[in-house]
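# Notes for the structure review
Listed here are the chains, written in short residue letters.
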Amino acid sequence: MNTKQAFFMAIKSLKNSKMRSFLTMLGIIIGVASVIILISLINGMTGEITSQFEGMGTNLLSVNLMGRGGNMTGNHSANIDTMEELVEDNPEYLAAMSPVVSVSSATVKYETYNVTASCTGISENYGSIRNYAVETGRFISYIDVENRHKVCVLGSYEVEELFGTEDPLGQTIKINGEEFTVIGTLPEKADSAEASNDDIILIPYTTAMQLASNARLSSYVFQATSGDVVKQAKTTIENALYTIYQSDDSYMVMSQAEMLEQMDELTGTMELILVGIAAISLLVGGIGIMNIMLVIVTERIREIGIRKSLGAKKRDILGQFLIESATTSALGGVVGIIVGIVVAYIFGALFDLSISPSLFSIILAFGVSVMIGIVFGYLPANKAAKLNPIDALRHE
Amino acid sequence: MIDLIEVYKIYFANLENEVRALDGITLHIGKGEFVAIVGQSGSGKSTCMNIIGCLDVPTQGEYIINDVNVAHYSDDALAALRNKTLGFVFQQYNLIGKLNILENVELPLIYGGYTPKERREMAMEALERVGLTNRILHFPNELSGGQQQRVSIARALVTKPQVILADEPTGALDSKTGIEILELLQELNREGCTVVLITHDTHIASYAKRTVSLQDGKITSDRVKGGLLS
């Protein structure tokens, strides 16, 4: 008997008991659909994060000083001057530096409009470090920093939320109750979405320190002269900091590439866990198929006897039942893939996430479901093939 | 054609409840014969038919069909023999309910490795032989008992076997339809097919040219119509 014939016979047998076939497939459908949904969401998420990171440039280094900045060692601790000296002393590796002071979840008000945003205190170098060019107005200047001017540059999300179509330049907004003058706006980078690169308020770091009542600078961002010398730049900073603190627990220097790597690792682990859960549901689906195939074999013992009396060999019977179970689970797989993609896109639309179902995950899901049919169908099929023709013929 | 030599089929051998279904049977059936094997239930006639039909192998003894000793053939080799050399007609017709008449008759040809075109031609020929060409797309449960048995005869002869084994072929039919079936078997025999008929009914056995009686796994008589043989 050839495969094509067995395939049509399998379809026929599935059609004959639609409800049972559907329930058998359900396990596979759910398993495959969840694999597709999870992989689509994670892919989309990873893509978004990666593009955000890449938008920042690849030659950035962030420096964080821990604890009290190692003041315990007594006479010496790193401050803004140390960092500035670093840039001046190593022009071959380091191009620029800016302190970073975060005022997280600040309340920002303009007239009756208000948003909660993260405010970042920076120096005049920050614009060139992060490739920020203002769209209108001007960037924060050295004078603003020195004199602790209460001025701010707004991202396009804040402009849209607070001012709509109004011109924000020269207007006064309130950040945590303090009045700030808008001196510039940034061009749109990521559809002005919340929590994107467009959701940003930049103020002089000196002002930010007052606002956050933070007496000490602990975060800095450095720009390496090019992407190729990031490693050397990192070593230079680390060496300098080690000389000051005599311990590498007091600071952390991380390059953009390393942050990306860490992010990848994190999403990779997440992916593994979620796919593992989906795999369990596929396993349960496979057991469901095995169960129903055992029932089908018992139901058809007499038919198997007849086929054997007409000259069916072991492998004919084995093939027939294997193809039937593989067809069942493959069909479940196809339905699962379709359901998965549809649900993933619905999720994406509802929660404003980007979705990218990968071809690889679709092929994998289909392959796995066919394999499940064969693996879990083998035991029942083999049971059928091994039946003794006389016993099978006599079976009622 | 068919030679059973000192064939034993023993269940639970050497135990207290040992059953000798066949107790040393020697039987020769020549080409073109029409033999009835008669016996009460428990006489061993079904076991005898299973062994002749290669559905079972003897515990001891030789079974030679077409000059080949198949007593110790593998399952697959026996399956091939059933497919090519033997045709079965059962009391319960044993048609597959999900397949239509044509598909049922084509089934042995599928296992025989014929192409779809050959299968269709051969199946139609066999159905024509039993006079059922107008019902090929019906399903077995849409036919009468006699028609179903004719389909099963068509299925048995579609591979052009040398031997047709009929196990109580009239058991589920009324006497008039039963006679039609027996006459069909006689016709096939006249055309050169060896027919072995298993029955408990001596009247039905009288349609055969030769009657072999079995009791307790032993042959008690073997007579040819109009006289005794050996």
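Residues numbered from 1 in each chain as written. Chains lettered and ligands numbered in written order. Predicted model: local features only at pLDDT ≥ 70, side-chain atom pairs only at ≥ 80, totals over all residues. Heavy atoms only, no water.

### Regarding the layout of surface pockets
- Considered as a void within the structure, the second largest pocket measures approximately 390 Å³ in volume.
- Around the second largest pocket sit 16 residues that line it, and Leu393 and Arg394 of chain A together with Phe90, Gln91 and Asp167 of chain B are the ones nearest its centre.
- When contributions to the lining of the second largest pocket are tallied by element, the ones reaching two or more residues are α13 (389-394) of chain A together with α1 (45-52) of chain B.
- In terms of residues, the lining of the second largest pocket owes the most to one element, α1 of chain B, which gives four residues.
- When the residues that make up the lining of the second largest pocket are grouped by side-chain class, the tally is five nonpolar, five polar and six charged. (1 Å grid on protein atoms, 1.4 Å probe; cavity = no way out; pocket = protein on both sides within 12 Å on 5 of 7 lines; lining within 4 Å. Points joined across faces, edges and corners; volume = space filled by probe spheres on them. Helix = DSSP H or I, 4+ residues; strand = E, 2+ residues; numbered from the N terminus. Nonpolar A, V, L, I, M, F, W, Y, C, P; charged D, E, K, R; others polar.)

### Observations regarding the interface of chain A and chain B
- Taken together, the contact pairs 24 residues of chain A with 24 residues of chain B.
- Summing both sides of the interface, chain A and chain B together bury roughly 2200 Å²; the carbon and sulfur share of this comes to 55%.
- Remark: the boundary between chain A and chain B carries three salt bridges.
- With a shortest N-O distance of 3.9 Å, Asp75 of chain B and Lys314 of chain A are connected by a salt bridge.
- Joining chain A to chain B, the criterion identifies seven residue pairs in polar contact (both at pLDDT 80 or more).
- Secondary structure elements with two or more residues in the side of chain A that touches chain B: α1 (3-16), α10 (301-309), α11 (314-351) and α13 of chain A.
- Per-element accounting of the side of chain A that touches chain B gives the leading share, six residues, to α10 of chain A.
- For the side of chain A that touches chain B, the class distribution of residues is seven nonpolar, six polar and 11 charged. (Contact = heavy atoms within 4.5 Å. Buried area = accessible area lost by both parts, 1.4 Å probe. Salt bridge = Lys/Arg side-chain N within 4 Å of Asp/Glu carboxyl O. Polar contact = N/O pair within 3.5 Å; in protein donor to acceptor, adjacent residues only side chain to side chain.)

### Describing the packing of α10 of chain A against α11 of chain A
All names here are of chain A.
- Where α10 meets α11, the axes come as close as 10 Å, and the angle between the chain directions of the two elements is 140 degrees. Taken together, α10 and α11 sit at an angle that is classed as oblique. Of the two possible hands of crossing, α10 and α11 adopt the one that is right-handed. Where α10 approaches α11, its residues Glu303, Ile304, Arg307 and Lys308 are matched on the opposing element by Lys314, Ile317, Gln320 and Phe321.
- Among the residues forming the contact of α10 with α11, the class breakdown is three nonpolar, one polar and four charged. (Axes fitted to C-alpha atoms, helices over the stretch in contact; angles between N-to-C directions. Parallel < 35°, antiparallel > 145°, perpendicular 65-115°, else oblique. Left-handed = near helix turned anticlockwise from the far one by under 90°.)

### Side note on the side chain of Asn94 of chain B
- Position of Asn94 of chain B among the secondary structure elements: in the loop between β6 (86-89) and α3 (101-112).
- Of the polar contacts made by the side chain of Asn94 of chain B, one reaches the side chain of Arg302 of chain A; its length is 2.6 Å.

### So, the pattern of salt bridges
- In this structure the tally under the stated criterion is 23 salt bridges over all chains.
- Its salt-bridge partner being Arg300 of chain A, residue Glu303 of chain A comes within 3.3 Å of it at the nearest N-O pair. In this pair, the class of Glu303 of chain A matches that of Arg300 of chain A, namely buried.
- Taking the shortest distance from any N to any O, the salt bridge between Arg20 of chain B and Glu18 of chain B comes out at 3.0 Å.
- The network of salt bridges with shared partners includes Arg300, Glu303, Arg307 and Glu324 of chain A together with Lys98 of chain B. (Buried < 20%, exposed > 50% of the residue type's maximum accessible area, 1.4 Å probe, protein only.)

### Examining the sheet that holds strand β1 (residues 60-65) of chain A
All names here are of chain A.
- Sheet architecture is open: four strands sit in the order β2-β10-β1-β11, paired in antiparallel fashion. The open sheet terminates on both sides in strands that have one partner only, identified here as β2 (94-99) and β11 (251-255). The average angle at which neighbouring strand axes cross in this sheet is 20 degrees, direction not considered.
- Judged from the five bridges that link them, β1 and strand β10 (residues 219-224) form a sheet pairing that is antiparallel. Residue pairing for β10: Leu60 is matched across the bridge by Gln223.
- Packing against the sheet, helix α8 (residues 230-245) makes contact with β1, β2, β10 and β11, and its axis sits at approximately 175 degrees to β11.
- Contacting β1 and β11, helix α9 (residues 256-299) runs over the sheet at an angle of about 85 degrees to β11. (Pairing = 2+ DSSP bridges.)

### Overview of the environment of Ile49 of chain A
- With respect to the element layout, Ile49 of chain A can be found in helix α2 (residues 18-55).
- A C-alpha to C-alpha distance of 8.3 Å links Ile49 of chain A and Met263 of chain A, two positions 214 residues apart in sequence.

### A word on the packing of α9 of chain A against helix α12 (residues 359-385) of chain A
Residues and elements named next belong to chain A.
- Axis separation between α9 and α12 bottoms out at 9 Å; the angle between their running directions is 30 degrees. Between α9 and α12, the angle falls in the class roughly parallel. By crossing handedness, the relation of α9 to α12 is classed as right-handed. Together, Leu282, Leu283, Gly286, Ile287, Met290, Met293, Leu294, Val297 and Thr298 of α9 and Val368, Ile372, Phe376, Leu379, Pro380, Lys383 and Ala384 of α12 make up the contact between the two elements.
- Broken down by class, the residue content of the contact of α9 with α12 amounts to 13 nonpolar, two polar and one charged.

### Here's the deal with the pairing of strand β7 (residues 163-167) of chain B
Residues and elements named next belong to chain B.
- Summarising burial for β7: five of the five residues are buried, a large majority.
- Residues Val163, Leu165 and Asp167 of β7 are buried on one face, and the alternating residues Ile164 and Ala166, pointing to the opposite face, are buried as well.
- Inspection of the sheet shows β6 paired to β7 by four bridges, in the parallel sense. Residue pairing for β7: Phe88 is matched across the bridge by Leu165.
- Where β7 lies against strand β8 (residues 194-199), five bridges are found, and the strand directions are parallel. Residue Leu165 lies in a different strand from β8, and its bridge partner there is Val196.
- You can see the chain leave β7, run along helix α6 (residues 175-190) and come back into β8, and the turn it takes is right-handed. (Right-handed = clockwise from strand over helix to strand, strands pointing away.)

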